[in-house]
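# Overview (structure and organization)
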Protein chains: 2
Amino acid sequence: MNLEQMGQAARAAAYTLADTPTRAKNDALLAMAEALEASTAAILAANARDLDAARAAGINEAMLDRLMLNPARLKAIADDVRSVVRLPDPVGAELDSRVLENGMRLSRRRVPLGVVGVIYEARPNVTIDIAALCLKTGNASILRGGRETFHTNQELVKVIQQALAVSRLPAGCVQYIGEPGREWVSGLLRLDKYVDMIIPRGGPGLHQLCKEQSTIPVIIGGFGISHTFVDDSADLVRAIEVIDNAKTHRPSACNALDTLLVHRAVAAELLPRLSERMAAKGVELVADEEALALLQSGAAKVRPAAEGDFDTEWLSLTLGVKLVADVDEALAHLRDYNASHSDAILTNRLASAERFINGAPSAAVYVNASTRFTDGAQFGLGAEVAVSTQKLHARGPMGLEELTSYKWIGQADYLIRQ
Amino acid sequence: MNLEQMGQAARAAAYTLADTPTRAKNDALLAMAEALEASTAAILAANARDLDAARAAGINEAMLDRLMLNPARLKAIADDVRSVVRLPDPVGAELDSRVLENGMRLSRRRVPLGVVGVIYEARPNVTIDIAALCLKTGNASILRGGRETFHTNQELVKVIQQALAVSRLPAGCVQYIGEPGREWVSGLLRLDKYVDMIIPRGGPGLHQLCKEQSTIPVIIGGFGISHTFVDDSADLVRAIEVIDNAKTHRPSACNALDTLLVHRAVAAELLPRLSERMAAKGVELVADEEALALLQSGAAKVRPAAEGDFDTEWLSLTLGVKLVADVDEALAHLRDYNASHSDAILTNRLASAERFINGAPSAAVYVNASTRFTDGAQFGLGAEVAVSTQKLHARGPMGLEELTSYKWIGQADYLIRQ
């Protein structure tokens, strides 16, 4: 099939899905979970081929681990699908309803978006994850995975198609672009006649490509420098625990702490102790001139910050440190250095907390908490489609509701406009 | 100023506006309304220059009328600004708030989008209208009007700047790109570092340009073929009133009826009468083969539909007519012919109404009402920023809330993630 045909099939399937009751969608998801487990051998064999190819291409261990499936991981993926079954279906809810002066009952009803295009890299669990979330919300999906997981994805798509077939849902509900070649990505990004939203799940390069080329609305997200500002009123003993957690709990996560901003009045007290803790956790510090000497009195490895360091999302055991005069200077730093994801203030002063909440340009702003909480599961959304750092449609962790739109419904008695 | 500088100024102003209380924003709006009336002579003189240039360029009367300002129209524009003052400010509202199991209070708070870029044609009232709506919602705006209104807009922008100055708000709150040249439009569309949303207000060509070139999210809207389907259970006498209203109340509007779909079972009864009514209203009918003979028995001017007629948004006293077998065939027609704006069913049967509501791919779906109701004022939104036909962020008439985003706020007691 070419892209035009895939678009047509997706659009037709989306019309069917929009009118499919929750129970039928859930039955298809349960069938998918079962088929995943029943196909374990075939999926793992395909995955082994991908892993061999990746090793031959000299891909590093961290990446290999992301590609790798085993029975336990497959079981976890199937269980995730069963969790999606248990989530409430957002489609059909009435958002608001009122009677206008002219007697028309006007309401807004939640409906699926239609067709969602997803472009992603590496992790094969995304294939099942996104297919399941789209199916639950009545959206058709067109998936394009990375070439590193080509064989695995082929098997996963077979499983999805089996589940759709036994559930009598159209094959167009979930389609996969298996052909290599960037032109398929470019083509998908311009399929605005059929596709309502593009979700890129991958690095900044992929997001930039989508932003540049897409004629379809794109959800941009997953990046941004994360900051924590320690106010002069903060409890410094507990502040160190929060900083430690934000930096070292999972350094490769996009909500891990990148830059620590410290109120100058408490720097002499905080930084030597912080240096000890960071040394114990193997964190290297990258400090501005003022912070440098204070940190060097502790045991941590410290180097002076160079151009670009405060613009860096480390994704590793490195932490930028900078002194500021007050909350306003901290906010100015956030604005200058691309804060858009997760940022925190540690303070015991109400006015500082309010000022930071209002002034931070971030999708998620924390008072006295680790930045690591920005996550669909942590927020109780049940599922996470993506983490948006743009301001339209959805911001921060996106759950099922963010895969829907609404339509206006006006009901009356042969009403004409005066 | 170049675009980069304008973007920086807008971003800085947006930070100020995000923290400006409602009363200060309202004071600036009232100052704007007063300055508009005080500057009537200068604005009308500038408008006269634009009208002279337009006449010299041979622009038609309808377009000249759209360009033209007079004291009454200026007064109306100033009064519209005063109406915006009276609307509730959506910024700051808490959308939801709950305490997570770990003790964190998590809420979402409504915030301005930031910087809104607006590209528009002709009507000079858009300059004031959009500037006022953006200011009310705490957004900075960068405006680019059409060259037909160059002089008028220069004066209007002076008025806006006066109002900002007396209200001690930054000049960057509302900026206007006065320079000619398409490169300024292209540049604005790629200013994603500073601009959060693009709203095109103009014809399909402008929307297509924005969709193609913008790296910033664009609100697409204002077009789409509007349909009305007359079911076999409809009250035909009252149906004719609704069809007449939808077609002739304001034929140039985007929610005016384009194509009438008629259930075959009632065509012989409805169409001759419809033909009489349309003849009386000067509407030309464009009919498929089956409808043609039935319509020709009435007095209306009728021609057979040709390729593309059912794809045409008439914006004039022309109406397409086609017979269908049932509500499903009507829905299939809607899907094939770009229904995305406003569509109606006229029926007395509940099941047909529900089927049409669920199946129509439109932003606004009506049961027994004229399609002419799709409008911010009719819907009671207080103001209309645009009518979106896309499904992300906003669909249908957009009010003040659709000029906002939200941020997540997590408050806790030095909480770390387990």
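Named according to an unreviewed UniProt entry, chain A is Gamma-glutamyl phosphate reductase originating from Zobellella iuensis. Per UniProt, the comment on chain A under Subcellular location (unreviewed entry) is "Cytoplasm". Of chain A, the UniProt comment under Sequence similarities (unreviewed entry) reads exactly: "Belongs to the gamma-glutamyl phosphate reductase family."

Our focus in this paragraph is the overall build of chain A. The helix and strand inventory of chain A stands at 14 helices and 16 strands. Along the first, second and third principal axes, the C-alpha atoms of chain A reach 70 × 70 × 35 Å. By residue count, 59% of the 418 residues in chain A fall in the buried class. For chain A, long-range pairs separated by at least 24 residues make up 72% of all intrachain contacts whose partners lie at least 6 apart in sequence. Summing over all exposed atoms, chain A offers an accessible surface of approximately 15700 Å²; the carbon and sulfur share of this is 51%. Averaged over its 44 positive side-chain charges, chain A has a centre that lies 5 Å from the centre of its 51 negative ones.

Residues and elements named next belong to chain A. Most of strand S3 (residues 115-120) is tucked away: six of the six residues are buried. The side-chain alternation of S3 yields two buried faces, one formed by Val115, Gly117 and Ile119 and the other by Val116, Val118 and Tyr120. Taken together, the five bridges between S3 and strand S4 (residues 140-144) define a ladder with parallel strand orientation. The partner of valine 118 across the bridge, within S4, is leucine 143. Sheet topology note: the S3/strand S6 (residues 197-201) ladder contains five bridges and is parallel. Bridge assignment links tyrosine 120 to a residue of S6, and that residue is arginine 201.

What follows is about the packing of helix H2 (residues 22-38) of chain A against helix H7 (residues 150-166) of chain A. All names here are of chain A. Contact geometry of H2 with H7 gives a least axis separation of 8 Å together with a crossing angle of 140°. With respect to H7, the element H2 is oriented oblique. With respect to the hand of their crossing, H2 and H7 are arranged in right-handed fashion. On H7, the residues that touch Ala28, Ala31, Met32, Ala35 and Leu36 of H2 are Leu156, Val159, Ile160, Gln162, Ala163 and Val166. Looking at the contact of H2 with H7 residue by residue, the class counts come to 10 nonpolar, one polar and no charged.

With that out of the way, let us pick up helix H1 (residues 3-18) of chain B. If you check H1 of chain B, its first and last C-alpha atoms are 22 Å apart, about what 16 residues at 1.5 Å a residue would give, namely 22 Å. By the burial criterion, the buried members of H1 of chain B are Leu3, Met6, Gly7, Ala10, Arg11, Ala13, Ala14, Tyr15 and Leu17 of chain B. Of the surrounding elements, those touching the buried residues of H1 of chain B are helix H13 (327-336) of chain A together with strand S3 (115-120), helix H6 (125-136), strand S4 (140-144), strand S5 (174-176) and helix H8 (182-189) of chain B. Measuring from the side-chain oxygen of the N-cap residue of H1 of chain B to the backbone nitrogen of glutamate 4 of chain B gives 3.2 Å; that N-cap residue is asparagine 2 of chain B.

To continue, consider the packing of aromatic side chains. The full count for this structure, using the stated rule, is six aromatic pairs over all chains. Relative to tryptophan 408 of chain B, the ring of phenylalanine 379 of chain A has its centre 4.8 Å away and its plane inclined at 40°; by these criteria the two rings are tilted. In this pair, phenylalanine 379 of chain A sits in the loop between strand S13 (364-369) and strand S14 (386-388) while tryptophan 408 of chain B sits in strand S16 (residues 404-415), so the two residues belong to two different chains. For tryptophan 408 of chain B, a relative accessible area of 5% puts it in the buried group. Ring geometry for phenylalanine 310 of chain B versus tyrosine 337 of chain B: centroids 6.3 Å apart, planes at 75°, classification edge-to-face. Taken together, the residues span a long stretch of sequence, with phenylalanine 310 of chain B in the loop between strand S10 (302-304) and strand S11 (318-324) and tyrosine 337 of chain B in the loop between helix H13 (327-336) and strand S12 (342-346) at a distance of 27 residues. A relative accessible area of 10% places phenylalanine 310 of chain B in the buried class. Joined through ring pairs, the aromatic side chains of Phe379 of chain A together with Tyr406 and Trp408 of chain B make up one cluster. Taking NZ or CZ as reference, arginine 108 of chain A lies 4.6 Å from the ring centre of tyrosine 406 of chain A, over its face.

Basis of the calculations
Residues numbered from 1 in each chain as written. Chains lettered and ligands numbered in written order. Predicted model: local features only at pLDDT ≥ 70, side-chain atom pairs only at ≥ 80, totals over all residues. Heavy atoms only, no water. UniProt positions renumbered as here; feature names shortened; annotations may be inferred. Helix = DSSP H or I, 4+ residues; strand = E, 2+ residues; numbered from the N terminus. Buried < 20%, exposed > 50% of the residue type's maximum accessible area, 1.4 Å probe, protein only. Contact = heavy atoms within 4.5 Å. Areas by Shrake-Rupley, 256 points an atom, 1.4 Å probe, with all protein chains shown as cover. Lys, Arg positive; Asp, Glu negative; His and termini not counted. Charge placed at Lys NZ, Arg CZ, Asp CG, Glu CD. Pairing = 2+ DSSP bridges. Axes fitted to C-alpha atoms, helices over the stretch in contact; angles between N-to-C directions. Parallel < 35°, antiparallel > 145°, perpendicular 65-115°, else oblique. Left-handed = near helix turned anticlockwise from the far one by under 90°. Nonpolar A, V, L, I, M, F, W, Y, C, P; charged D, E, K, R; others polar. Expected span 1.5 Å × (residues − 1). Polar contact = N/O pair within 3.5 Å; in protein donor to acceptor, adjacent residues only side chain to side chain. Phe/Tyr/Trp six-rings, centres within 6.5 Å; stacked < 30°, edge-to-face > 60°. Lys NZ or Arg CZ within 6 Å of the ring centre and 35° of its normal.

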